[in-house]
Amino acid sequence: MSKITILHNPRCSKSREALAIAEENGSEIEIVKYLDDTPSKEELKSIYKMLGLSSVREWMRTKEDIYKELELSKEDDEEKLFDAMVKYPKLIERPVIIKGKKAIIGRPTSIIEDFIK
């Protein structure tokens, strides 16, 4: 079984569900509690490339208060959006599951099992 990495928030039900799915599938798991051990800007950029998204905003929790307070909806500079994610990691949409050189945002969680197999 391949090793997977999960950007995990233990307080998030979807993140806990993703971890349970990975455990049930016998995956070797590295857990990154990203709120405590925030990835660097370079690490976020690397994961972003693995996710294959067209905009960093697709990886952001746009309903968070800090997103609104910082008026990030008006920000077009992706470098500044990455900076905000490093400074305020709760802006990072979770859970993120990384396997090899690919990654997904595990929402809905029904996509996780196929991804990790």
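For the structure, check the block above.
In this text the structure is predicted, and so the values were computed from the model without any measurement.

Digging into the environment of Ala 103
Its location among the elements puts Ala 103 in strand S4 (residues 102-105). Separated by 51 residues in sequence, Ala 103 and Gly 52 have C-alpha atoms that sit 8.1 Å apart. Filtering out sequence-adjacent residues up to four positions away, Ala 103 remains in contact with Ile 47, Met 50, Leu 51, Val 96, Ile 97, Ile 98 and Phe 115.

Examining the layout of surface pockets
There is about 170 Å³ of room inside the largest pocket. Every residue lining the largest pocket is listed: Thr 5, Leu 7, Val 32, Asp 37, Thr 38, Pro 39, Glu 43, Ile 47 and Ile 98. Elements that contribute at least two residues to the lining of the largest pocket include exactly strand S1 (3-7) and helix H2 (41-51). The class makeup of the residues in the lining of the largest pocket is five nonpolar, two polar and two charged.

Cut-offs applied
- Residues numbered from 1 in each chain as written.
- Predicted model: local features only at pLDDT ≥ 70, side-chain atom pairs only at ≥ 80, totals over all residues.
- Heavy atoms only, no water.
- Helix = DSSP H or I, 4+ residues; strand = E, 2+ residues; numbered from the N terminus.
- Contact = heavy atoms within 4.5 Å.
- 1 Å grid on protein atoms, 1.4 Å probe; cavity = no way out; pocket = protein on both sides within 12 Å on 5 of 7 lines; lining within 4 Å.
- Points joined across faces, edges and corners; volume = space filled by probe spheres on them.
- Nonpolar A, V, L, I, M, F, W, Y, C, P; charged D, E, K, R; others polar.

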